[in-house]
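Inside the fold
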Amino acid sequence: MSRRQHICDVPGCTHTRQRWQRICDLCYPQLPSAIRNNLIRAHAEKRMADWRSWKRKAGEIIAARRAARAPSTRWTPQSAFDLQARMLGERTD
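Residues numbered from 1 in each chain as written. Predicted model: local features only at pLDDT ≥ 70, side-chain atom pairs only at ≥ 80, totals over all residues. Heavy atoms only, no water.

**Points about unusual backbone geometry**
One non-glycine residue, Lys 46, lies in the positive phi region at around 60°. When you line up the elements, Lys 46 lands in the loop between helix H1 (33-44) and helix H2 (48-69). Owing to a relative accessible area of 65%, Lys 46 belongs among the exposed residues under this scheme. (Helix = DSSP H or I, 4+ residues; strand = E, 2+ residues; numbered from the N terminus. Buried < 20%, exposed > 50% of the residue type's maximum accessible area, 1.4 Å probe, protein only.)

**A closer look at H1**
With twelve residues, H1 ought to run about 16 Å at 1.5 Å a step, and its terminal C-alpha atoms sit 16 Å apart, in line with that. Among the residues of H1, those classed as buried are Ile 35, Arg 36, Leu 39 and Ala 42. The arc that holds the buried residues of H1, viewed along the axis, is 145°, so those residues lie on one side. Buried positions along H1 lie against H2. Positive backbone phi, at 60°, marks Lys 46, one or two positions downstream of H1. (Expected span 1.5 Å × (residues − 1). Arc of directions from axis to C-beta. Contact = heavy atoms within 4.5 Å.)

**Points about the side chain of Arg 17**
Structurally, Arg 17 can be placed in strand E2 (residues 16-17). For the buried residue Arg 17, which engages in no salt bridge, the nearest side chain bearing the opposite charge is Asp 9, 4.3 Å off. Looking at Arg 17, its side chain comes within polar contact range of the main-chain oxygen of Ile 7, at 2.9 Å. Here Arg 17 is in contact with His 6, Ile 7, Cys 8, Asp 9, Arg 22, Ile 23 and Cys 24, once residues within four sequence places are set aside. (Lys, Arg positive; Asp, Glu negative; His and termini not counted. Salt bridge = Lys/Arg side-chain N within 4 Å of Asp/Glu carboxyl O. Polar contact = N/O pair within 3.5 Å; in protein donor to acceptor, adjacent residues only side chain to side chain.)

**So, the side chain of Arg 22**
You can see Arg 22 is positioned in the loop between E2 and H1. At 2.8 Å, the side chain of Arg 22 forms a polar contact with the side chain of Asp 9.

**Notes on the pattern of salt bridges**
Applying the stated rule across the entire model yields three salt bridges. Its salt-bridge partner being Arg 22, residue Asp 9 comes within 2.8 Å of it at the nearest N-O pair. With Asp 9 in the loop between strand E1 (6-7) and E2 and Arg 22 in the loop between E2 and H1, this pair connects stretches of sequence that are 13 residues apart. A residue is classified by how much of its surface remains accessible, and Arg 22, at 17% relative accessible area, is buried. Put simply, Arg 47 and Glu 45 hold a salt bridge, and the shortest N to O gap is 2.8 Å. Arg 47 gets classed as partly exposed once you look at its relative accessible area, which sits at 31%. Counted as one network, the salt bridges with shared partners bring together Glu 45, Arg 47 and Asp 50.

Written out as structure tokens, the structure is:
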């Protein structure tokens with residue numbers, strides 16, 4: 001029989017965690033201590049409505065940090081022309 005995998009409480013995170021943890025090792029340092037502590041405490045005290053709201057807030061923070069780190073996907077024909085000119089060593093006045 002295989003062991004159960006415990007998934008991080010943060011929405012959108014698919015990393016595993018230890019059974020006694022609520023948040024995985026990757027999300028833990030990225031969250032502010034107030035959110036971390038309230039999420040863990042709400043689950044321990046079985047306040048499920050509060051736990052769900054703290055989970056939602058943690059997911060929003062992690063998603064915002066990922067979006068801030070993502071490279072820009074904006075492409076324009078002019079930017080392609082400028083890139084080609086720079087690679088060929090031409091001036092783009």
